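One-letter residues, chain by chain:
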Amino acid sequence: MIIRILWVGKTKSPPIRSLSGDYLERLRHMTRVEITEIRDPAAARRLTQSELIVTEESEILRFLSGSSRIVLLDERGTELSSLEFSRWIAGEQNRGTKEISFVIGGPDGTGPELARRANLKLSLGKMTWTHEMCRVLLLEQIYRACCILRKIPYHR
């Protein structure tokens, strides 16, 4: 199974970029993982908030395959424990899912088409995190889920 993670913009913080790279390297020993950084349209031109959301959404949708299971990170999404998350991933593997795409939209949220196409809306908790921190948290939880499924003691 391929795990794809799509996010808007580059990771600018060197410590966060380093930590993300560490988890990404660990994950690559367990499964195929691809990161797609979507061009941040806010950096190139002046757009209203609604125009920005629509532009980001269309860019994200261009990179999603029709067969991918889409997990949209959303503050109003379902909160799962690490064990529940690993079981969800195991369920996808058992169903023969070839690709799971995790999507972290921009700071202003995502558009309605992406929300409609999402197979799971996932919350990382009730606290507010920067979008760059969400990248690390998501990578760590995917790594943790893989460790749980392989019975590697990292989870403990």
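Residues numbered from 1 in each chain as written. Predicted model: local features only at pLDDT ≥ 70, side-chain atom pairs only at ≥ 80, totals over all residues. Heavy atoms only, no water.

Undergrad: Any chance you could break down the confidence of the model for the protein chain for me, citing the residues and the numbers?
TA: Looking at the protein chain, pLDDT values average 93 and 98% of them are 70 or higher. Averaged over each element, pLDDT in the protein chain is lowest for helix α2 (residues 41-44) (70) and highest for strand β5 (residues 120-123) (98). (pLDDT = per-residue confidence, 0-100. Helix = DSSP H or I, 4+ residues; strand = E, 2+ residues; numbered from the N terminus.)

Undergrad: Break down the nonpolar core for me, citing the residues and quoting the values.
TA: Ranked by size, the top nonpolar core spans 28 residues in total, and within it I5, F102 and I142 carry the most contacts. Of all the secondary-structure elements, those providing two or more residues to this core are β1 (2-8), α1 (14-27), β3 (69-79), α4 (82-94), β4 (99-104), β5 and α6 (131-149). Grouped together as the second largest cluster of nonpolar side chains are 11 residues, V8, I38, I60 and I70 included. (Core = buried A, V, L, I, M, F, W, Y, C linked by side-chain atoms within 4.5 Å. Buried < 20%, exposed > 50% of the residue type's maximum accessible area, 1.4 Å probe, protein only.)

Undergrad: Outline the environment of F102, supporting the account with residue identities and numerical values.
TA: Of note, F102 is situated in strand β4. Take F102: its relative accessible area is 0%, and that puts it in the buried class. For the pair formed by F102 and S68, sequence separation is 34 residues and the distance between their alpha carbons is 9.7 Å. Residues contacting F102, with those up to four places away along its chain left out, are I3, R4, I5, L6, V71, L73, F85, L138 and I142. (Contact = heavy atoms within 4.5 Å.)

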